[in-house]
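Listed below are the residues making up each chain.
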Amino acid sequence: GEPKGDGLVTYLKAPSVELACQILDGAQFRPGSDALSVAAAKFEMKGEAYVKKKRTATDAKRIKRMKEKQEQKALDWSGFDDPEHKSKDVTAIMKYLFDPKEVERGEQSEETFFRELEQDIREECATKCGEVKKVKIYRYNPQGVVSVCFKLPQAAAKCVSIMHGRWFGGKQIEADLFD
(Lines give C-alpha, C1' and ligand atoms only; values in the text may rest on other atoms or scores of the structure.)
Protein backbone atom coordinates (compact mmCIF):
# COMPACT_ATOMS: atom_id res chain seq x y z
CA GLY A 1 0.00 0.00 0.00
CA GLU A 2 0.84 3.66 0.08
CA PRO A 3 2.87 5.08 2.99
CA LYS A 4 0.80 7.12 5.45
CA GLY A 5 3.57 9.61 6.05
CA ASP A 6 4.01 8.72 9.71
CA GLY A 7 7.43 9.00 11.30
CA LEU A 8 9.01 8.26 14.66
CA VAL A 9 11.86 10.22 16.22
CA THR A 10 13.43 9.10 19.48
CA TYR A 11 15.05 11.69 21.74
CA LEU A 12 17.56 11.11 24.50
CA LYS A 13 15.97 13.46 27.04
CA ALA A 14 12.31 14.26 27.76
CA PRO A 15 12.77 18.06 27.49
CA SER A 16 13.95 17.52 23.90
CA VAL A 17 10.58 15.94 23.09
CA GLU A 18 8.71 18.95 24.48
CA LEU A 19 10.96 21.35 22.59
CA ALA A 20 10.57 19.43 19.31
CA CYS A 21 6.79 19.52 19.71
CA GLN A 22 6.85 23.28 20.30
CA ILE A 23 9.19 24.07 17.41
CA LEU A 24 8.17 21.53 14.77
CA ASP A 25 4.41 21.24 15.19
CA GLY A 26 2.90 23.15 12.28
CA ALA A 27 6.26 23.65 10.52
CA GLN A 28 6.82 22.61 6.91
CA PHE A 29 9.15 19.69 6.16
CA ARG A 30 10.11 21.27 2.85
CA PRO A 31 9.03 24.61 1.38
CA GLY A 32 5.61 24.19 -0.17
CA SER A 33 4.80 20.94 1.64
CA ASP A 34 1.98 20.36 4.10
CA ALA A 35 2.50 21.35 7.74
CA LEU A 36 3.87 18.70 10.09
CA SER A 37 1.83 17.44 13.00
CA VAL A 38 4.23 16.66 15.84
CA ALA A 39 3.16 15.18 19.18
CA ALA A 40 4.68 13.11 21.95
CA ALA A 41 4.03 9.40 21.63
CA LYS A 42 1.21 7.95 23.72
CA PHE A 43 1.73 4.49 25.10
CA GLU A 44 -1.36 2.52 25.95
CA MET A 45 -1.77 -0.91 27.42
CA LYS A 46 -3.48 -3.46 25.22
CA GLY A 47 -5.67 -5.88 27.08
CA GLU A 48 -6.78 -5.98 30.69
CA ALA A 49 -3.93 -7.49 32.71
CA TYR A 50 -0.53 -5.99 33.37
CA VAL A 51 2.18 -8.19 34.85
CA LYS A 52 5.22 -6.27 36.00
CA LYS A 53 8.54 -8.01 35.52
CA LYS A 54 10.42 -8.48 38.79
CA ARG A 55 13.86 -6.91 38.85
CA THR A 56 16.57 -7.19 41.45
CA ALA A 57 18.76 -4.37 42.76
CA THR A 58 21.67 -5.57 40.62
CA ASP A 59 19.46 -5.45 37.52
CA ALA A 60 18.54 -1.84 38.32
CA LYS A 61 22.20 -0.87 38.75
CA ARG A 62 23.17 -2.64 35.52
CA ILE A 63 20.35 -0.92 33.63
CA LYS A 64 21.35 2.47 35.05
CA ARG A 65 25.00 1.98 34.01
CA MET A 66 23.91 0.84 30.55
CA LYS A 67 21.65 3.90 30.12
CA GLU A 68 24.44 6.25 31.24
CA LYS A 69 26.83 4.62 28.76
CA GLN A 70 24.27 4.88 25.93
CA GLU A 71 23.59 8.51 26.80
CA GLN A 72 27.29 9.37 26.79
CA LYS A 73 27.76 7.62 23.45
CA ALA A 74 24.75 9.41 21.96
CA LEU A 75 26.08 12.80 23.07
CA ASP A 76 29.63 12.08 21.88
CA TRP A 77 30.53 13.80 18.61
CA SER A 78 33.52 11.68 17.81
CA GLY A 79 32.02 8.31 16.93
CA PHE A 80 35.52 6.99 16.38
CA ASP A 81 36.75 3.91 18.18
CA ASP A 82 40.54 3.89 18.10
CA PRO A 83 42.09 2.14 21.10
CA GLU A 84 45.49 3.61 20.23
CA HIS A 85 44.37 7.23 20.63
CA LYS A 86 41.46 8.80 22.42
CA SER A 87 39.00 10.21 19.90
CA LYS A 88 39.33 13.71 21.28
CA ASP A 89 43.07 13.68 20.62
CA VAL A 90 42.72 12.91 16.93
CA THR A 91 39.50 14.72 15.98
CA ALA A 92 39.35 18.27 14.65
CA ILE A 93 36.00 20.08 14.70
CA MET A 94 35.49 22.83 12.14
CA LYS A 95 32.60 25.29 11.97
CA TYR A 96 31.25 27.47 9.15
CA LEU A 97 32.37 25.23 6.28
CA PHE A 98 28.88 25.45 4.76
CA ASP A 99 25.48 27.01 5.33
CA PRO A 100 22.58 24.51 5.30
CA LYS A 101 20.22 27.21 3.98
CA GLU A 102 22.50 27.86 1.01
CA VAL A 103 22.70 24.13 0.33
CA GLU A 104 18.89 23.97 0.06
CA ARG A 105 18.86 26.91 -2.36
CA GLY A 106 21.87 25.64 -4.30
CA GLU A 107 22.00 24.66 -7.95
CA GLN A 108 23.23 21.12 -7.28
CA SER A 109 21.54 18.41 -5.24
CA GLU A 110 22.25 18.10 -1.51
CA GLU A 111 23.85 14.68 -2.04
CA THR A 112 26.21 16.04 -4.69
CA PHE A 113 27.08 19.08 -2.57
CA PHE A 114 27.90 17.04 0.54
CA ARG A 115 29.77 14.34 -1.40
CA GLU A 116 31.98 17.00 -3.05
CA LEU A 117 32.46 18.85 0.24
CA GLU A 118 33.56 15.66 2.01
CA GLN A 119 35.94 14.83 -0.81
CA ASP A 120 37.44 18.36 -0.77
CA ILE A 121 37.90 18.31 3.01
CA ARG A 122 39.40 14.81 2.97
CA GLU A 123 41.90 15.71 0.22
CA GLU A 124 42.85 19.07 1.75
CA CYS A 125 43.36 17.62 5.23
CA ALA A 126 45.22 14.53 4.01
CA THR A 127 47.56 16.62 1.84
CA LYS A 128 48.36 19.28 4.42
CA CYS A 129 47.91 17.52 7.77
CA GLY A 130 48.18 13.73 7.64
CA GLU A 131 46.20 10.53 7.18
CA VAL A 132 42.44 11.05 7.53
CA LYS A 133 40.42 8.16 8.96
CA LYS A 134 36.93 9.66 8.73
CA VAL A 135 35.11 12.86 7.77
CA LYS A 136 31.65 13.47 9.23
CA ILE A 137 29.50 16.34 8.02
CA TYR A 138 26.72 17.45 10.34
CA ARG A 139 24.36 18.35 7.48
CA TYR A 140 21.65 20.06 9.48
CA ASN A 141 23.81 21.93 11.98
CA PRO A 142 23.21 25.65 11.42
CA GLN A 143 26.92 26.35 12.05
CA GLY A 144 28.09 24.11 9.20
CA VAL A 145 30.02 21.70 11.45
CA VAL A 146 32.41 19.05 10.13
CA SER A 147 34.53 16.65 12.19
CA VAL A 148 37.68 15.10 10.81
CA CYS A 149 39.28 12.13 12.53
CA PHE A 150 42.99 11.66 11.86
CA LYS A 151 45.24 8.70 12.48
CA LEU A 152 47.63 10.72 14.66
CA PRO A 153 47.08 13.52 17.21
CA GLN A 154 49.76 15.64 15.52
CA ALA A 155 47.74 15.67 12.30
CA ALA A 156 44.63 16.89 14.12
CA ALA A 157 46.62 19.65 15.83
CA LYS A 158 48.12 20.69 12.49
CA CYS A 159 44.65 20.78 10.92
CA VAL A 160 43.44 23.12 13.66
CA SER A 161 46.44 25.44 13.22
CA ILE A 162 46.02 25.56 9.42
CA MET A 163 42.22 25.82 9.24
CA HIS A 164 41.40 28.13 12.18
CA GLY A 165 40.81 31.64 10.92
CA ARG A 166 40.97 30.64 7.26
CA TRP A 167 38.25 31.94 4.93
CA PHE A 168 36.07 29.45 3.07
CA GLY A 169 32.97 30.27 1.04
CA GLY A 170 32.87 33.82 2.42
CA LYS A 171 32.95 32.68 6.05
CA GLN A 172 35.80 32.46 8.53
CA ILE A 173 36.39 28.92 9.75
CA GLU A 174 36.62 28.14 13.44
CA ALA A 175 38.65 25.01 14.14
CA ASP A 176 39.47 23.30 17.40
CA LEU A 177 40.33 19.90 18.78
CA PHE A 178 37.39 17.84 19.94
CA ASP A 179 37.00 18.17 23.71
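The structure we're discussing is the one just above.
From a predicted model like this one, the values you see are computed outputs, not experimental measurements.

What counts as what
Residues numbered from 1 in each chain as written. Predicted model: local features only at pLDDT ≥ 70, side-chain atom pairs only at ≥ 80, totals over all residues. Heavy atoms only, no water. Disulfide = S-S within 2.5 Å. Phe/Tyr/Trp six-rings, centres within 6.5 Å; stacked < 30°, edge-to-face > 60°. Helix = DSSP H or I, 4+ residues; strand = E, 2+ residues; numbered from the N terminus. Buried < 20%, exposed > 50% of the residue type's maximum accessible area, 1.4 Å probe, protein only. Lys NZ or Arg CZ within 6 Å of the ring centre and 35° of its normal.

Q: How do you make sense of the state of the cysteines when you look at a structure like this?
A: The term disulfide refers to a covalent linkage connecting the sulfur atoms of a pair of cysteines. Within this structure, the stated rule accounts for zero disulfides. Just so you know, C125 is unpaired, no disulfide at all, and the nearest cysteine sulfur is the one on C159, 4.0 Å from it.

Q: Whenever I open this one, the packing of aromatic side chains confuses me. Can you help?
A: To describe a pair of aromatic rings, one takes the distance between the centres and the angle between the planes. Considering all chains together, one arrives at three aromatic pairs under this definition. A centroid spacing of 5.3 Å and a plane angle of 85° characterise the contact between F98 and F114, whose relative ring orientation is edge-to-face. You can see F98 sitting in the loop between strand 1 (91–95) and helix 4 (100–105) and its partner F114 sitting in helix 5 (residues 110–128), a full 16 residues away along the chain. F98 gets classed as buried once you look at its relative accessible area, which sits at 5%. Judged by relative accessible area, F114 falls into the buried class, the value being 3%. By the ring-pair criterion, three or more aromatic residues cluster together here, those being F98, F113 and F114. The ring of Y138 carries the charged tip of K136 above its face, separated from the ring centre by 5.2 Å.

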